[in-house]
Amino acid sequence: MKVIESVTIRYFRSVYTVNLSQCGDLTVITGKNDVGKSNILKALNLFFCNQSDYLRNFNFLEDYSIKRKEEVKKDTIRGQQFISITVRFLRGDRMPNSLPPAFSVTKRWDMHSSECKTTTDVQSRMIAYANKQGIKYSEKITATSLSTFLNRIKSIYVP
């Protein structure tokens, strides 16, 4: 069953911006050598494991897009130095009373912060879904369910 609907990566290694909008149960990424295929997989590893490579901790200065770094030097956008990865999930038949049918999670790493900032549309989507379905909404249960969902997906897809 399809779990990841789309992935958007911004400013990670050789990837300036990429949107994989039609992910399926099996998604094949093809292309010439040295165009960023492996960096897409490394970005997903960063999203799920906070490691940009297997058993290698994330380092902003090493993993930030070279192309974006050159733009920053030319312009006055120094505050705009970040890497972001957004994954849009489909919950399928998992946790129907605590997660909306579809939701996005964005993780963002800024140059001047050692912490990853995570944002999501789960709460707002779940409120709308609960109202439509006539089910009880609990912010705490939804937050716990999201954490459980992401850990399950990580254990399935990340070695």
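For the structure itself, consult the block above.
Residues numbered from 1 in each chain as written. Predicted model: local features only at pLDDT ≥ 70, side-chain atom pairs only at ≥ 80, totals over all residues. Heavy atoms only, no water.

Student: Any chance you could explain the overall build of the protein chain here in plain terms?
Tutor: For the protein chain, the helix and strand inventory stands at five helices and seven strands. Secondary structure elements of the protein chain, listed N to C terminal, follow the sequence β-β-α-β-β-α-α-β-β-β-α-α. Dimensions along the principal axes, computed over C-alpha positions, put the protein chain at roughly 55 × 35 × 25 Å. For the protein chain, buried positions account for 37% of its 159 residues. (Helix = DSSP H or I, 4+ residues; strand = E, 2+ residues; numbered from the N terminus. Buried < 20%, exposed > 50% of the residue type's maximum accessible area, 1.4 Å probe, protein only.)

Student: Teacher, can you tell me more about the pairing of strand β5 (residues 82–90) here?
Tutor: Each regular strand displays side chains that alternate between the two surfaces of the sheet. Burial runs high along β5: seven of the nine residues are buried. Relative to β5, strand β1 (residues 4–12) runs antiparallel, the two being bridged by six bridges. Bridging from a neighbouring strand, Val 7 pairs with Val 87 of β5. (Pairing = 2+ DSSP bridges.)

Student: I would appreciate a short explanation of the nonpolar core in the present structure.
Tutor: Considering soluble globular proteins, one finds that nonpolar side chains tend to be buried as a cluster. One finds Val 7, Ile 9, Ile 85, Val 87, Phe 89, Phe 103 and Phe 149 to be the most contacted residues of the largest nonpolar core, which totals 33 residues. Going through the elements one at a time, β1, β2 (15–20), α1 (37–49), β5, β6 (102–110) and α5 (139–157) are the ones with two or more residues in this core. The leading source of residues in this core is α1, at six residues. Not counting the four nearest positions on each side in its chain, Phe 103 is found in contact with Val 87, Arg 88, Phe 89, Arg 91, Asp 121, Val 122, Arg 125, Leu 146 and Phe 149. (Core = buried A, V, L, I, M, F, W, Y, C linked by side-chain atoms within 4.5 Å. Contact = heavy atoms within 4.5 Å.)

Student: Looking at this structure, how should I read the environment of Arg 152?
Tutor: By the secondary structure assignment, Arg 152 is in helix α5. Classification of Arg 152 by relative accessible area gives partly exposed; the value is 47%. Remark: the alpha-carbon pair of Arg 152 and Arg 10, spanning 142 residues in sequence, is separated by 25 Å.

Student: Looking at this model, I keep getting lost on the sheet that holds β2. Mind explaining?
Tutor: Backbone hydrogen bonds are what pair the strands of a sheet, in a parallel or an antiparallel way. Taken together, the five strands give an open sheet; going across it, the order is β2-β1-β5-β6-β7, and neighbouring strands pair in antiparallel fashion. At either margin of the open sheet sits one strand with a lone partner, and together these are β2 and β7 (116–120). Averaged over all neighbouring strand pairs, the angle between strand axes comes to 10 degrees, with direction disregarded. (Axes fitted to C-alpha atoms, helices over the stretch in contact; angles between N-to-C directions.)

Student: Hey, could you run me through the environment of Ile 66 in this one?
Tutor: You can see Ile 66 is positioned in helix α3 (residues 66–74). Under the relative-accessibility criterion, Ile 66 is labelled exposed at 58%. Between the C-alpha atom of Ile 66 and that of Phe 12, which follows or precedes it by 54 residues, the distance is 8.6 Å.

Student: Sorry, what's going on with α1 here?
Tutor: Side chains of residues three or four places apart in an α-helix project in the same direction, reflecting 3.6 residues per turn. Between its terminal C-alpha atoms α1 stretches 18 Å, which fits the 18 Å expected from 13 residues at 1.5 Å a residue. Where α1 is concerned, the buried positions are Asn 39, Ile 40, Ala 43, Leu 44, Asn 45, Leu 46, Phe 47 and Phe 48. Within two residues after α1, Asn 50 carries a phi angle of roughly 60 degrees, on the positive side. (Expected span 1.5 Å × (residues − 1).)

Student: Is there a simple way to think about the packing of aromatic side chains in this case?
Tutor: Geometrically, a pair of aromatic rings is defined through the distance of the ring centres and the angle of the planes. Scanning all chains against the criterion turns up eleven aromatic pairs. A centroid spacing of 5.6 Å and a plane angle of 45 degrees characterise the contact between Phe 58 and Trp 109, whose relative ring orientation is tilted. Residue Phe 58 is located in the loop between β4 (56–57) and α2 (60–63), and its partner Trp 109 is located in strand β6; the two are separated by 51 residues in the primary sequence. Accessibility expressed as a relative area gives 2% for Trp 109, which makes it buried. Seen from their ring centres, Phe 89 and Phe 149 are 5.5 Å apart, and the 85 degrees between their planes marks the pair as edge-to-face. One end of the pair, Phe 89, is in strand β5; the other, Phe 149, is in helix α5, with 60 residues separating them in the sequence. (Phe/Tyr/Trp six-rings, centres within 6.5 Å; stacked < 30°, edge-to-face > 60°.)

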